[in-house]
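In case you want the letters, here they are:
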Amino acid sequence: MRGFTLIEVLVVVVLIGILASVVALSFTGANLDQELRGEAERAALRMELARSNALQRNREWGLLVDEDGYRFLELDPYQAAWVEQSERPLAPVRMPENIHLKLETEGFELPVVDSADETGDADEEQDEPNLLIFSSGEVTPFELAFEPEWEGQTLRISSDGLSRVRLVKDETDEI
């Protein structure tokens, strides 16, 4: 009789299970890094779109970064108030819970705005942006870091105020 013993079959099944779990875990890490990169790229593209809208409409725009994500605001010159953009693609963006934002401008880290005060009402200062996008196309020089909770590399989008918003892995690598 030719065939396999029960022990041989069990060893093969265990090896296949181990290999499958290793492959599944490696894809999970890649998915998280891909999600991080996607969020950073979308933020850079949205910043450029807001800059384009500021130029076309001849109005000042702003970016407000809070603990949950970020949103774009437009200055209404008639009411002298910042109006949140609710239409896609510039609608408010809520970041995944495992990605945190850190905003710096000219070497100073700006505090992250709380999304609500103790009573649950929106904070009055929340309506003022952290970054300005001027109708001339200039932007407040900034660096917005997307920091993962897992052991991944922090991605940053930045602009010197005049050039396009770019995505970088660290201080030297432009993506």
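Bear in mind that the values here come from a model prediction, so they are computed numbers and not experimental data. (Residues numbered from 1 in each chain as written. Predicted model: local features only at pLDDT ≥ 70, side-chain atom pairs only at ≥ 80, totals over all residues. Heavy atoms only, no water.)

**A closer look at the confidence of the model for the protein**
Stated precisely, the cut-off is as follows: Per-residue confidence from the predictor is reported as pLDDT, which spans 0 to 100. Per the convention used, a helix needs a DSSP run of H or I reaching at least four residues, while a strand needs a run of E reaching at least two, with both numbered from the N terminus. Throughout, a residue-residue contact means that at least one pair of heavy atoms, one from each residue, lies within 4.5 Å.
Here the protein shows a mean pLDDT of 84. Residues at 70 or above account for 86%. Looking at the elements of the protein, mean pLDDT is at its lowest for strand S6 (residues 108–110), recorded as 81, and at its highest for strand S2 (residues 69–76), recorded as 94. When the criterion is pLDDT under 50, residues 117–126 qualifies, and its contacts beyond four places in sequence or with other chains add up to seven contacts.

**Brief notes about the pattern of salt bridges**
Just so we agree on the cut-off: Within this document, salt bridges are pairs made up of a side-chain nitrogen of Lys or Arg and a carboxyl oxygen of Asp or Glu, the two lying within 4 Å of each other.
In total, this model carries 11 salt bridges according to the counting rule given. Between Asp68 and Arg94 there is a salt bridge, with its nearest N and O atoms 3.8 Å apart. Separated by 26 residues along the polypeptide, Asp68 in the loop between strand S1 (61–65) and S2 and Arg94 in strand S4 (residues 93–94) bring together distant segments of the chain. A cluster of three or more residues bridged by salt bridges with shared partners is formed by Glu48, Arg51 and Arg164.

**Examining the nonpolar core**
A general trend in soluble globular proteins is that nonpolar side chains are found buried together. Operational definition: Think of a nonpolar core as a cluster: buried Ala, Val, Leu, Ile, Met, Phe, Trp, Tyr and Cys residues, connected wherever their side-chain atoms sit within 4.5 Å. Throughout, exposure labels follow a simple rule: accessible area from a 1.4 Å probe, protein chains only, divided by the maximum for the residue type, with under 20% read as buried, over 50% as exposed, and the rest as partly exposed.
Membership of the largest hydrophobic core comes to 29 residues, with the highest contact counts inside it found for Met47, Tyr70, Phe72, Phe142, Phe146 and Ile157. Where this core is concerned, the elements lending two or more residues are helix H1 (6–57), S1, S2, strand S5 (99–105), strand S7 (131–133), strand S8 (142–148) and strand S9 (155–159). With seven residues, H1 is the largest single contributor of residues to this core. With residues near it in sequence (within four places) discarded, Ile157 still touches Ala40, Ala43, Ala44, Met47, Phe142, Glu143, Leu144, Phe146, Val165, Arg166 and Leu167.

**Focus on the side chain of Asn53**
Note that Asn53 resides in helix H1. Owing to a relative accessible area of 13%, Asn53 belongs among the buried residues under this scheme.

**Description of a nonpolar patch on the surface**
As a reminder of what qualifies: Patches here are clusters of residues that have more than 30% relative accessible area and form no salt bridge, with a 9 Å joining cutoff for like charges and a 5 Å cutoff for nonpolar side chains (Val, Leu, Ile, Met, Phe, Trp, Tyr). Here the open area of atoms and residues is found with the Shrake-Rupley method and a 1.4 Å probe, where only the protein chains shown may cover a residue.
Residues Ile7, Val11, Val14, Leu15, Ile18 and Val22 make up a contiguous nonpolar surface patch of roughly 570 Å² in combined accessible area. Inspection of the secondary structure puts Ile7 in helix H1. Overall, the relative accessible area of 64% leaves Ile7 in the exposed class.

**A word on the sheet that holds S8**
Using the following cut-off: DSSP bridges decide pairing: two strands pair if at least two such bridges lie between them. In this analysis an axis means a line fitted to C-alpha atoms, helices contributing only their contacting stretch, and an angle means the value between N-to-C directions, from 0 to 180 degrees.
The five strands lie next to each other as S6-S5-S8-S9-S10, forming an open sheet whose pairing is antiparallel. On the outer flanks of this sheet lie S6 and strand S10 (166–168), each paired with one strand and no other. Each strand of the sheet is rotated relative to its neighbour by a mean of 30°, with strand direction disregarded. In terms of strand pairing, S5 meets S6 through three bridges, oriented antiparallel. Bridge pairing links Leu103 to Leu110 in S6.

**Side note on the pairing of S9**
Of all five residues that make up S9, five are buried, and the element is covered over most of its length. Side chains Leu155, Ile157 and Ser159 project from S9 onto one buried face, and the interleaved Arg156 and Ser158 project onto a second face that is buried too. Relative to S9, S8 runs antiparallel, the two being bridged by five bridges. If you follow Glu143 over to S9, its bridge partner there is Ser158. Following S8, the chain reverses through six residues before pairing antiparallel with S9. Hairpin geometry of S9 and S10 is characterised by an intervening segment of six residues between the two adjacent antiparallel strands and by a positive phi of about 110° at Gly161.

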